[in-house]
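Secondary and tertiary structure notes
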Amino acid sequence: MPSLVEELQREALDPNTSIPALLRKVKLVAVKLRLSDMTEWVDAELNGFDGPAPDYRVRRGDVRWWNPYHGWLPVNGANRVMDVISQKRVGESVSALEALLAGDGDEFHIPISSDMVKKLWEGQPYPPDKVSVWLPRGVFVDILDKVRTKVLDWALELEKAGIMGDDISFSPVEKAKAETVTISIGTMQGNFLAGDVSGDNARANLGSTDNSTNVIGDTLTQLGEAITSRVENAQERETLLAAVQEMKDAKGKASFAAGYQKLIAAAANHMTVIAPFIPALGAALVGAG
(Lines give C-alpha, C1' and ligand atoms only; values in the text may rest on other atoms or scores of the structure.)
Protein backbone atom coordinates (compact mmCIF):
# COMPACT_ATOMS: atom_id res chain seq x y z
CA MET A 1 0.00 0.00 0.00
CA PRO A 2 1.52 3.37 -0.99
CA SER A 3 2.36 5.85 1.74
CA LEU A 4 0.51 9.13 2.09
CA VAL A 5 3.38 11.05 0.48
CA GLU A 6 3.55 8.58 -2.41
CA GLU A 7 -0.18 9.03 -2.97
CA LEU A 8 0.39 12.76 -3.09
CA GLN A 9 3.13 12.31 -5.68
CA ARG A 10 0.93 10.13 -7.88
CA GLU A 11 -1.99 12.53 -7.72
CA ALA A 12 0.29 15.45 -8.55
CA LEU A 13 1.36 13.56 -11.68
CA ASP A 14 -2.21 12.68 -12.66
CA PRO A 15 -3.74 15.44 -14.83
CA ASN A 16 -7.20 14.11 -13.97
CA THR A 17 -6.77 15.01 -10.29
CA SER A 18 -8.29 18.43 -9.70
CA ILE A 19 -6.04 21.04 -8.15
CA PRO A 20 -8.44 21.74 -5.23
CA ALA A 21 -8.56 18.01 -4.34
CA LEU A 22 -4.77 17.81 -4.58
CA LEU A 23 -4.33 20.83 -2.33
CA ARG A 24 -6.72 19.46 0.28
CA LYS A 25 -4.48 16.42 0.58
CA VAL A 26 -1.46 18.72 0.84
CA LYS A 27 -3.21 20.52 3.69
CA LEU A 28 -3.83 17.23 5.46
CA VAL A 29 -0.12 16.41 5.27
CA ALA A 30 0.98 19.91 6.24
CA VAL A 31 -1.31 20.06 9.28
CA LYS A 32 -0.24 16.60 10.44
CA LEU A 33 3.41 17.70 10.18
CA ARG A 34 2.67 21.08 11.80
CA LEU A 35 3.98 23.01 8.78
CA SER A 36 2.16 26.32 9.12
CA ASP A 37 3.87 27.94 6.11
CA MET A 38 2.60 25.28 3.75
CA THR A 39 -0.85 25.36 5.31
CA GLU A 40 -1.08 29.11 4.75
CA TRP A 41 -0.08 28.75 1.10
CA VAL A 42 -2.66 26.00 0.56
CA ASP A 43 -5.39 28.07 2.20
CA ALA A 44 -4.54 31.04 -0.01
CA GLU A 45 -4.68 28.89 -3.14
CA LEU A 46 -7.98 27.29 -2.08
CA ASN A 47 -9.68 30.50 -0.91
CA GLY A 48 -7.99 33.12 -3.08
CA PHE A 49 -5.29 35.68 -2.30
CA ASP A 50 -6.76 38.70 -0.49
CA GLY A 51 -3.48 40.60 -0.54
CA PRO A 52 -0.16 40.18 -2.34
CA ALA A 53 0.24 37.08 -4.48
CA PRO A 54 3.30 35.01 -5.43
CA ASP A 55 5.32 35.75 -8.57
CA TYR A 56 3.67 33.02 -10.62
CA ARG A 57 0.30 34.75 -10.15
CA VAL A 58 1.48 38.19 -11.34
CA ARG A 59 1.13 38.35 -15.13
CA ARG A 60 1.28 40.98 -17.87
CA GLY A 61 -1.65 41.38 -20.25
CA ASP A 62 -3.16 43.77 -22.79
CA VAL A 63 -4.94 46.90 -21.53
CA ARG A 64 -8.24 47.55 -23.34
CA TRP A 65 -11.12 49.99 -22.89
CA TRP A 66 -14.82 49.45 -23.56
CA ASN A 67 -16.33 51.38 -26.45
CA PRO A 68 -20.14 51.06 -26.45
CA TYR A 69 -20.20 51.11 -30.26
CA HIS A 70 -17.15 49.04 -31.16
CA GLY A 71 -16.58 46.82 -28.11
CA TRP A 72 -13.19 46.33 -26.47
CA LEU A 73 -10.41 48.44 -28.03
CA PRO A 74 -6.69 48.53 -27.18
CA VAL A 75 -5.32 51.41 -25.12
CA ASN A 76 -2.58 52.89 -27.28
CA GLY A 77 0.44 54.90 -26.29
CA ALA A 78 3.54 54.51 -24.15
CA ASN A 79 2.03 55.78 -20.90
CA ARG A 80 4.16 54.38 -18.09
CA VAL A 81 1.15 54.09 -15.83
CA MET A 82 -0.42 51.82 -18.46
CA ASP A 83 2.77 49.76 -18.50
CA VAL A 84 2.41 49.23 -14.77
CA ILE A 85 -1.33 48.58 -14.93
CA SER A 86 -0.78 45.85 -17.52
CA GLN A 87 0.68 43.73 -14.71
CA LYS A 88 -2.18 42.10 -12.83
CA ARG A 89 -2.35 39.95 -9.75
CA VAL A 90 -4.44 36.86 -10.47
CA GLY A 91 -5.77 36.30 -6.97
CA GLU A 92 -8.74 34.01 -7.66
CA SER A 93 -8.91 30.60 -5.98
CA VAL A 94 -7.82 27.51 -7.88
CA SER A 95 -11.46 26.39 -7.98
CA ALA A 96 -12.44 29.66 -9.68
CA LEU A 97 -9.62 29.28 -12.19
CA GLU A 98 -10.64 25.72 -13.01
CA ALA A 99 -14.25 26.84 -13.47
CA LEU A 100 -13.09 29.65 -15.74
CA LEU A 101 -11.13 27.25 -17.92
CA ALA A 102 -14.09 24.88 -18.10
CA GLY A 103 -15.92 27.50 -20.17
CA ASP A 104 -15.26 28.86 -23.61
CA GLY A 105 -12.98 31.72 -24.53
CA ASP A 106 -9.37 32.22 -25.51
CA GLU A 107 -8.99 35.32 -23.33
CA PHE A 108 -10.27 36.55 -19.98
CA HIS A 109 -10.16 40.01 -18.46
CA ILE A 110 -9.62 41.53 -15.02
CA PRO A 111 -11.21 44.97 -14.46
CA ILE A 112 -9.09 47.93 -13.43
CA SER A 113 -10.33 50.09 -10.55
CA SER A 114 -11.92 53.44 -11.35
CA ASP A 115 -9.07 55.25 -9.56
CA MET A 116 -6.52 53.59 -11.81
CA VAL A 117 -8.61 54.43 -14.88
CA LYS A 118 -8.49 58.10 -13.85
CA LYS A 119 -4.70 57.92 -13.50
CA LEU A 120 -4.41 56.27 -16.90
CA TRP A 121 -6.62 58.93 -18.54
CA GLU A 122 -5.12 61.84 -16.61
CA GLY A 123 -5.22 65.03 -18.66
CA GLN A 124 -7.65 63.54 -21.16
CA PRO A 125 -11.41 64.23 -21.31
CA TYR A 126 -14.12 61.60 -20.96
CA PRO A 127 -12.42 58.56 -19.42
CA PRO A 128 -14.13 55.28 -20.32
CA ASP A 129 -16.46 53.51 -17.93
CA LYS A 130 -14.58 50.22 -18.17
CA VAL A 131 -10.93 49.34 -18.62
CA SER A 132 -9.59 45.81 -18.17
CA VAL A 133 -6.39 43.84 -18.48
CA TRP A 134 -6.90 40.93 -20.88
CA LEU A 135 -4.95 37.74 -20.30
CA PRO A 136 -4.79 34.73 -22.64
CA ARG A 137 -6.22 31.41 -21.55
CA GLY A 138 -2.74 29.93 -21.34
CA VAL A 139 -1.89 32.21 -18.40
CA PHE A 140 -4.49 30.53 -16.20
CA VAL A 141 -3.50 27.06 -17.41
CA ASP A 142 0.10 27.87 -16.51
CA ILE A 143 -0.80 29.12 -13.01
CA LEU A 144 -2.60 25.85 -12.22
CA ASP A 145 0.26 23.85 -13.73
CA LYS A 146 2.77 25.67 -11.53
CA VAL A 147 0.69 24.89 -8.43
CA ARG A 148 0.64 21.20 -9.37
CA THR A 149 4.41 21.20 -9.98
CA LYS A 150 5.12 22.89 -6.64
CA VAL A 151 3.09 20.21 -4.88
CA LEU A 152 5.05 17.47 -6.67
CA ASP A 153 8.38 19.11 -5.81
CA TRP A 154 7.34 19.41 -2.17
CA ALA A 155 6.23 15.77 -1.96
CA LEU A 156 9.50 14.61 -3.52
CA GLU A 157 11.48 16.63 -1.00
CA LEU A 158 9.47 15.08 1.82
CA GLU A 159 10.50 11.65 0.56
CA LYS A 160 14.16 12.71 0.39
CA ALA A 161 13.92 13.75 4.03
CA GLY A 162 12.53 10.33 4.97
CA ILE A 163 9.03 11.63 5.67
CA MET A 164 6.49 9.26 4.08
CA GLY A 165 3.51 8.74 6.38
CA ASP A 166 1.49 5.62 7.15
CA ASP A 167 -2.18 5.72 6.16
CA ILE A 168 -2.98 9.30 7.20
CA SER A 169 -0.54 9.51 10.11
CA PHE A 170 3.12 10.35 10.61
CA SER A 171 5.45 8.94 13.24
CA PRO A 172 6.93 11.15 15.97
CA VAL A 173 10.30 10.80 14.20
CA GLU A 174 8.83 12.08 10.93
CA LYS A 175 7.16 15.01 12.70
CA ALA A 176 10.45 15.89 14.36
CA LYS A 177 12.22 15.82 10.98
CA ALA A 178 9.59 18.12 9.52
CA GLU A 179 10.33 20.69 12.23
CA THR A 180 14.09 20.62 11.85
CA VAL A 181 14.92 19.81 8.23
CA THR A 182 15.17 22.83 5.93
CA ILE A 183 14.12 22.05 2.38
CA SER A 184 14.64 24.29 -0.63
CA ILE A 185 12.17 23.91 -3.47
CA GLY A 186 13.23 26.01 -6.44
CA THR A 187 12.99 29.65 -5.37
CA MET A 188 11.03 28.76 -2.24
CA GLN A 189 13.22 28.72 0.85
CA GLY A 190 12.58 27.69 4.44
CA ASN A 191 11.03 24.78 6.30
CA PHE A 192 9.46 23.20 3.21
CA LEU A 193 7.88 26.48 2.10
CA ALA A 194 8.46 30.08 3.01
CA GLY A 195 6.97 31.68 -0.05
CA ASP A 196 7.78 32.56 -3.62
CA VAL A 197 9.56 35.81 -2.92
CA SER A 198 12.25 36.07 -5.58
CA GLY A 199 12.30 38.12 -8.76
CA ASP A 200 11.57 41.71 -9.69
CA ASN A 201 7.88 41.54 -8.92
CA ALA A 202 7.95 39.52 -5.71
CA ARG A 203 4.89 40.37 -3.66
CA ALA A 204 4.22 37.55 -1.23
CA ASN A 205 5.61 36.00 1.89
CA LEU A 206 3.64 32.86 2.66
CA GLY A 207 5.09 32.34 6.09
CA SER A 208 3.74 33.94 9.26
CA THR A 209 4.74 37.48 8.27
CA ASP A 210 3.97 39.52 5.16
CA ASN A 211 7.12 41.47 4.34
CA SER A 212 5.94 42.98 1.07
CA THR A 213 5.94 46.51 2.57
CA ASN A 214 9.47 45.92 3.88
CA VAL A 215 10.58 44.89 0.39
CA ILE A 216 9.24 48.08 -1.21
CA GLY A 217 10.70 50.08 1.66
CA ASP A 218 14.16 48.68 0.91
CA THR A 219 13.65 49.40 -2.79
CA LEU A 220 12.76 53.04 -2.09
CA THR A 221 15.78 53.44 0.18
CA GLN A 222 18.07 52.07 -2.54
CA LEU A 223 16.39 54.33 -5.12
CA GLY A 224 16.99 57.36 -2.91
CA GLU A 225 20.65 56.44 -2.56
CA ALA A 226 20.99 56.04 -6.34
CA ILE A 227 19.38 59.44 -6.96
CA THR A 228 21.60 61.11 -4.34
CA SER A 229 24.80 59.72 -5.83
CA ARG A 230 24.01 59.94 -9.56
CA VAL A 231 21.75 62.96 -10.17
CA GLU A 232 24.03 66.02 -10.34
CA ASN A 233 21.44 68.77 -10.79
CA ALA A 234 20.50 69.83 -7.25
CA GLN A 235 16.96 70.98 -8.06
CA GLU A 236 16.12 67.84 -10.04
CA ARG A 237 17.69 65.70 -7.33
CA GLU A 238 15.54 67.29 -4.63
CA THR A 239 12.39 66.89 -6.73
CA LEU A 240 13.09 63.19 -7.26
CA LEU A 241 13.93 62.61 -3.60
CA ALA A 242 10.70 64.36 -2.58
CA ALA A 243 8.74 61.95 -4.79
CA VAL A 244 10.56 59.00 -3.23
CA GLN A 245 9.75 60.26 0.25
CA GLU A 246 6.09 60.67 -0.73
CA MET A 247 6.03 57.02 -1.81
CA LYS A 248 7.69 55.96 1.44
CA ASP A 249 5.00 57.80 3.41
CA ALA A 250 2.24 56.15 1.36
CA LYS A 251 3.39 52.52 1.27
CA GLY A 252 0.43 50.19 0.79
CA LYS A 253 -2.01 53.09 0.23
CA ALA A 254 -3.78 54.32 -2.90
CA SER A 255 -1.87 57.62 -2.59
CA PHE A 256 1.33 55.71 -3.41
CA ALA A 257 0.47 56.25 -7.10
CA ALA A 258 0.70 60.05 -6.75
CA GLY A 259 4.32 59.84 -5.63
CA TYR A 260 5.07 57.35 -8.39
CA GLN A 261 3.63 59.68 -11.04
CA LYS A 262 5.69 62.61 -9.70
CA LEU A 263 8.81 60.47 -9.86
CA ILE A 264 8.19 59.42 -13.47
CA ALA A 265 7.31 62.99 -14.53
CA ALA A 266 10.51 64.39 -12.99
CA ALA A 267 12.82 61.61 -14.18
CA ALA A 268 12.76 62.27 -17.93
CA ASN A 269 16.50 63.04 -17.93
CA HIS A 270 17.39 60.33 -15.43
CA MET A 271 15.64 57.16 -16.60
CA THR A 272 18.89 55.19 -16.50
CA VAL A 273 18.99 55.88 -12.74
CA ILE A 274 15.45 54.79 -11.91
CA ALA A 275 14.88 52.14 -14.60
CA PRO A 276 16.26 49.24 -12.47
CA PHE A 277 13.70 50.07 -9.76
CA ILE A 278 10.59 50.42 -11.93
CA PRO A 279 9.52 46.72 -11.87
CA ALA A 280 9.38 46.61 -8.06
CA LEU A 281 7.70 50.03 -7.86
CA GLY A 282 5.24 48.94 -10.51
CA ALA A 283 4.26 45.85 -8.54
CA ALA A 284 3.69 48.02 -5.47
CA LEU A 285 1.56 50.41 -7.54
CA VAL A 286 -0.61 47.53 -8.77
CA GLY A 287 -1.04 46.31 -5.19
CA ALA A 288 -1.93 49.81 -3.98
CA GLY A 289 -4.48 50.21 -6.75
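For the structure itself, look to the data block above.
Calculation rules
- Each chain carries its own residue numbering, running from 1 in the direction its sequence is written.
- It should be noted that, the model being predicted, local features are given only for residues of pLDDT at least 70 and side-chain atom pairs only at 80 or more, the latter also being counted only at that level, while totals for whole chains, interfaces and linings use all residues.
- As a rule here, side-chain values come from all non-hydrogen atoms in the structure, and water together with hydrogens is ignored.
- Helix numbering and strand numbering both begin at the N terminus, where a helix is a DSSP run of H or I of at least 4 residues and a strand a DSSP run of E of at least 2.
- Note on classification: 1.4 Å probe, protein chains only; a residue is buried when its accessible area is under 20% of the maximum for its type, exposed when over 50%, partly exposed between these limits.
- The contact definition used throughout considers only heavy atoms, calling two residues in contact when any of these lie within 4.5 Å.
- Calculation of accessible area relied on Shrake-Rupley with a 1.4 Å probe; when residues are assessed, cover is drawn exclusively from the protein chains displayed.
- Here a strand pair is declared whenever DSSP counts at least two bridges between the two strands.
- Here the aromatic set is Phe, Tyr and Trp, taking the six-membered ring for Trp, and pairing holds for ring centres within 6.5 Å; pairs whose planes are under 30 degrees apart are stacked, those over 60 apart are edge-to-face, and all others are tilted.
- Only Lys NZ and Arg CZ are tested; either one counts as a charge over a ring when it is within 6 Å of the ring centre and within 35 degrees of the ring normal.

1. A look at the overall build of the protein
For the protein, the count of helices and strands is 13 helices and 6 strands. Counting the 289 residues in the protein, one finds 47% classified as buried. Nonlocal contacts in the protein, meaning residues at least 24 apart in sequence, comprise 68% of its contacts between residues at least 6 apart. Of the roughly 14,300 Å² of accessible surface on the protein, a fraction of 50% belongs to carbon and sulfur atoms.

2. Observations regarding the pairing of strand β3 (residues 71–74)
Examined bridge by bridge, strand β2 (residues 62–67) and β3 share 4 bridges and lie antiparallel to one another. What sits directly across from R64, in β3, is P74. The turn joining β2 and β3, which pair antiparallel and follow one another in sequence, is formed by 3 residues.

3. Focus: the pairing of β2
Where β2 lies against strand β6 (residues 131–136), 4 bridges are found, and the strand directions are antiparallel. Bridge pairing links R64 to S132 in β6.

4. Topic: the packing of aromatic side chains
Applying the stated criterion to the full structure yields 3 aromatic pairs. Taking 5.5 Å as the distance between ring centres and 65° as the angle between the ring planes, the aromatic pair formed by W66 and W72 counts as edge-to-face. On the basis of relative accessible area, W72 is assigned to the partly exposed category, the value being 24%. Ring centres of F108 and F140 lie 5.5 Å apart, and the angle between their planes is 85°; this geometry places the pair in the edge-to-face category. Here F108, found in strand β5 (residues 107–111), pairs with F140, found in helix α7 (residues 137–160); they are 32 residues apart in sequence, far enough to count as distant. F108 sits in the buried class, given a relative accessible area of 11%. An aromatic cluster is built from W66, W72 and W134, whose rings are joined through pairwise contacts. In this arrangement the basic side chain of K130 is found over the ring face of W66, its NZ or CZ atom lying 4.7 Å from the centre.

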